[in-house]
Amino acid sequence: MKISNDIEYIGVDDHEIDLFEGQYIVENGMSYNSYLIKDEKIAVLDTVDAHFTEKWLDNVKHALHSRHPDYLIIQHMEPDHSASISHFMERYKDTKIVATAKAFVMMKQFFGTDFGDKKIVVGEGDTLSLGKHTLTFVMAPMVHWPEVMVTYDSCDKVLFSADGFGKFGALDIEDDWACEARRYYIGIVGKYGAQVQTLLKKASQLDIEIICPLHGPVLKEDLSYYLNLYQIWSSYSVETEGVMIAYTSIYGNTKKAVELLADKLREKGCTKVVVSDLARYDMAEAVEDAFRYSKLVLATTTYNNGIFPFMREFIHHLTERNFQNRIVGFIENGTWAPVAAKTMKQMLDTCKNLTFTDTTVQIKSALSEESRAQLEAFANELSSDDTI
Ligand SMILES: [Fe+2]
Ligand SMILES: [Fe+2]
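This report concerns the structure included in the present document. (Residues numbered from 1 in each chain as written. Chains lettered and ligands numbered in written order. Predicted model: local features only at pLDDT ≥ 70, side-chain atom pairs only at ≥ 80, totals over all residues. Heavy atoms only, no water.)

**Structural notes on helix α11 (residues 340-347)**
Structural remark: α-helix, 3.6 residues per turn; residues separated by three or four positions point the same way. Heads up, the condition is: Burial classes follow relative accessibility: with a 1.4 Å probe on protein chains only, a residue under 20% of its type's maximum area counts as buried, one over 50% as exposed, and anything between as partly exposed. Here a helix means four or more residues in a row that DSSP labels H or I, a strand means two or more in a row labelled E, and each is numbered from the N terminus. Arc definition: directions from the helix axis to the C-beta atoms. Contacts are assigned to residue pairs that have any heavy atoms within 4.5 Å of one another.
Of all the residues in α11, the buried ones are Ala340, Ala341, Thr343 and Met344. Taken down its axis, α11 places every buried residue within 165° of arc, on the same side. Contact partners of the buried residues in α11: β18 (293-303), β19 (306-307), α10 (309-320), β20 (327-333) and β21 (355-363).

See the structure below:
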């Protein structure tokens, strides 16, 4: 696949994977992108996952047309992109590897060698001339590993963005970019909003027409759409006004309360109400929605003098990703000593700029007249103009 006259896509699609990075469900598979720039010199950007080394090496060979690669540029050392480095170097012994100093330390850790005399260490603003293409390396530490850099080609105005602007899903399946890019971003990069902001600032100084990420499609048109979403996600801003209700329910009573709340919210004019059963739905999808919408309702049962495990896990996912800037309310259930609301609030203690609703709904075992009245007040508060 041609990206431009001189740049070719040489990545692979993975439909065999069960869990990406050992935890993310990827029903539409995954792509590991790699690119080749052909000029007076030839550069290959990044390798692929270990399961696809041979296929990728075939792609490299095919794109080379009997020429020899001069440089292998490594932007990120996570094994989904770096696992095939040593195989590549066995085949193309004279190729130089271009990467950050930290990346070479990681190569030594992963492969037992940092490729000694083959290495070219680059830092912020360093350039590499291939002929008419001059590549500039831009450091992107903690987006989302410390050794990461991105690469700008001023000739074709291409930003090779490493994992930035990546998404779940193989390239031979068409799906909505934002949904799977958001789940990818929040899940994998979400904690590092400040570092992404720094990178976006650097990128804003560059004239970019094409973004080539390491996962998902090459982005060519309407780049402001993608940049704007990255701006929102990395600043932890609200993307969509609406209420996300995350719940767990053991015997169905908490679920009943949640469904009643959702109905009330819709009746009162909330157009966006999404509900997630944390024990049954994809946890990463629920986490993504918590970061997407303006308001979050957490509903769970008191359990072992704390809260139900799936809710505990969910809140951990939020706090470790710097969840902030949202309105949050609670529904708790408990038969003899309800402590769920208190526990959830304590767990969110470290989050910045959360506003808690005045109403907390307490269910004692099952819905009662009293808890129904609390739900009504809760729905009013969540749908009122000053909170919407
Ligand atoms: Fe990564
Ligand atoms: Fe990746």
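**Details of the environment of Asp175**
So the rule is basically this: Throughout this description, a polar contact denotes any pair of N or O atoms lying within 3.5 Å of each other; where both atoms belong to protein, one of them has to be capable of donating a hydrogen while the other can accept it, and for residues adjacent in sequence the pair is counted only when both atoms sit in side chains.
As for its position among the elements, Asp175 is in the loop between β14 (158-160) and α5 (177-189). Judged by relative accessible area, which is 29%, Asp175 ranks as partly exposed. Taking the C-alpha atoms as reference points, Asp175 and Asn28, separated by 147 residues in sequence, lie 8.6 Å from one another. For Asp175, the contacting residues outside a window of four places in its chain are Asn28, Lys167, Phe168 and Glu180. Here the side chain of Asp175 touches Asn28 through a polar contact of 3.2 Å, side chain to side chain. Here the side chain of Asp175 touches Lys167 through a polar contact of 2.7 Å, side chain to side chain.

**Here we look at the coordination of the iron ion (ligand 1)**
The condition is simple: Metal coordination here is assigned from N, O and S atoms located within 2.8 Å of the ion, or within 3.2 Å for Na, K and Ca; omission of water means that sites may look incomplete. Geometry is assigned from donor-metal-donor angles: four donors are tetrahedral when every angle falls between 85 and 135 degrees, four are square planar and six octahedral when opposite donors sit over 155 degrees apart with all other angles between 65 and 115, and any other arrangement is irregular.
With distances of 1.9 to 2.3 Å, the protein atoms coordinating the iron ion (ligand 1) are His76 (NE2), Glu78 (OE), His144 (NE2) and Asp163 (OD). Here the iron ion (ligand 1) is ringed by four donor atoms whose angles at the metal span 90 to 174°, and the overall shape comes out irregular. Within one chain, the residues serving as donors to the iron ion (ligand 1) are arranged as H-x1-E-x65-H-x18-D. Between the iron ion (ligand 1) and the iron ion (ligand 2) the interatomic distance comes to 3.4 Å, and Asp163 is a ligand of both metals. Placement of His76 in the loop between β8 (71-73) and α2 (79-82) and of Asp163 in the loop between β14 and α5 is noted, with a sequence separation of 87 residues between them. Residue classification places His76 among the buried positions, given a relative accessible area of 0%. The exposure class of Asp163 is buried, given its relative accessible area of 0%.

**Brief notes about the coordination of the iron ion (ligand 2)**
Protein ligation of the iron ion (ligand 2) involves Asp80 (OD), His81 (NE2), Asp163 (OD) and His215 (NE2), the donor distances falling in the range 2.1 to 2.4 Å. If you look at the iron ion (ligand 2), its four donor atoms make angles of 84 to 167° with each other, and the shape they trace is irregular. Considered as a linear motif, the donors of the iron ion (ligand 2) on their single chain read D-H-x81-D-x51-H. Of the residues examined, His215 reaches a relative accessible area of 0% and is grouped as buried.

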